[in-house]
Amino acid sequence: MRPATPARGAPYRPRISRFWWVHRRSYLLFVLRELSSVFVAWFVVGRLDEAR
């Protein structure tokens, strides 16, 4: 007789909104700070291109 094996289903993963970080002020400020670096880099590259 074979020993019983536990059922192996998918682990429970609750659904999380893509914009979960908007509801927490600290996370929102972090995301905005990180996004601002993209625009700063874009501006710097544009200025360097004009200087050539």
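Structure: see above.
All of these numbers come straight from a predicted model, not from anything done at the bench. (Residues numbered from 1 in each chain as written. Predicted model: local features only at pLDDT ≥ 70, side-chain atom pairs only at ≥ 80, totals over all residues. Heavy atoms only, no water.)

Here we take up the overall build of the protein. Scanning the protein from N- to C-terminus turns up 1 helix and 0 strands. For the protein, the exposed surface amounts to about 6,000 Å²; the carbon and sulfur share of it is 62%. (Helix = DSSP H or I, 4+ residues; strand = E, 2+ residues; numbered from the N terminus. Areas by Shrake-Rupley, 256 points an atom, 1.4 Å probe, with all protein chains shown as cover.)

This part takes up the packing of aromatic side chains. Using the criterion set out here, one finds 3 aromatic pairs in the structure. With centroids separated by 6.5 Å and ring planes inclined at 50°, the aromatic side chains of Phe39 and Trp42 adopt a geometry described as tilted. Residue Phe39 and its partner Trp42 are both found in helix H1 (residues 25-51); the two are separated by 3 residues, about one turn of the helix. Relative accessible area serves as the criterion here: at 64%, Trp42 is assigned to the exposed category. (Phe/Tyr/Trp six-rings, centres within 6.5 Å; stacked < 30°, edge-to-face > 60°. Buried < 20%, exposed > 50% of the residue type's maximum accessible area, 1.4 Å probe, protein only.)

Moving on to the environment of Ser36. Note that Ser36 resides in helix H1. A distance of 2.6 Å separates a polar side-chain atom of Ser36 from the backbone oxygen of Arg33. (Polar contact = N/O pair within 3.5 Å; in protein donor to acceptor, adjacent residues only side chain to side chain.)

Time to look at the pattern of salt bridges. Across all of its chains, the model carries 2 salt bridges by this definition. We note a salt bridge from Glu34 to Arg33, for which the minimum N-O separation is 3.5 Å. Overall, the relative accessible area of 38% leaves Glu34 in the partly exposed class. A relative accessible area of 52% places Arg33 in the exposed class. The salt bridge involving Arg52 is made with Asp49; its shortest N-O contact spans 2.9 Å. Residue classification places Arg52 among the exposed positions, given a relative accessible area of 80%. (Salt bridge = Lys/Arg side-chain N within 4 Å of Asp/Glu carboxyl O.)

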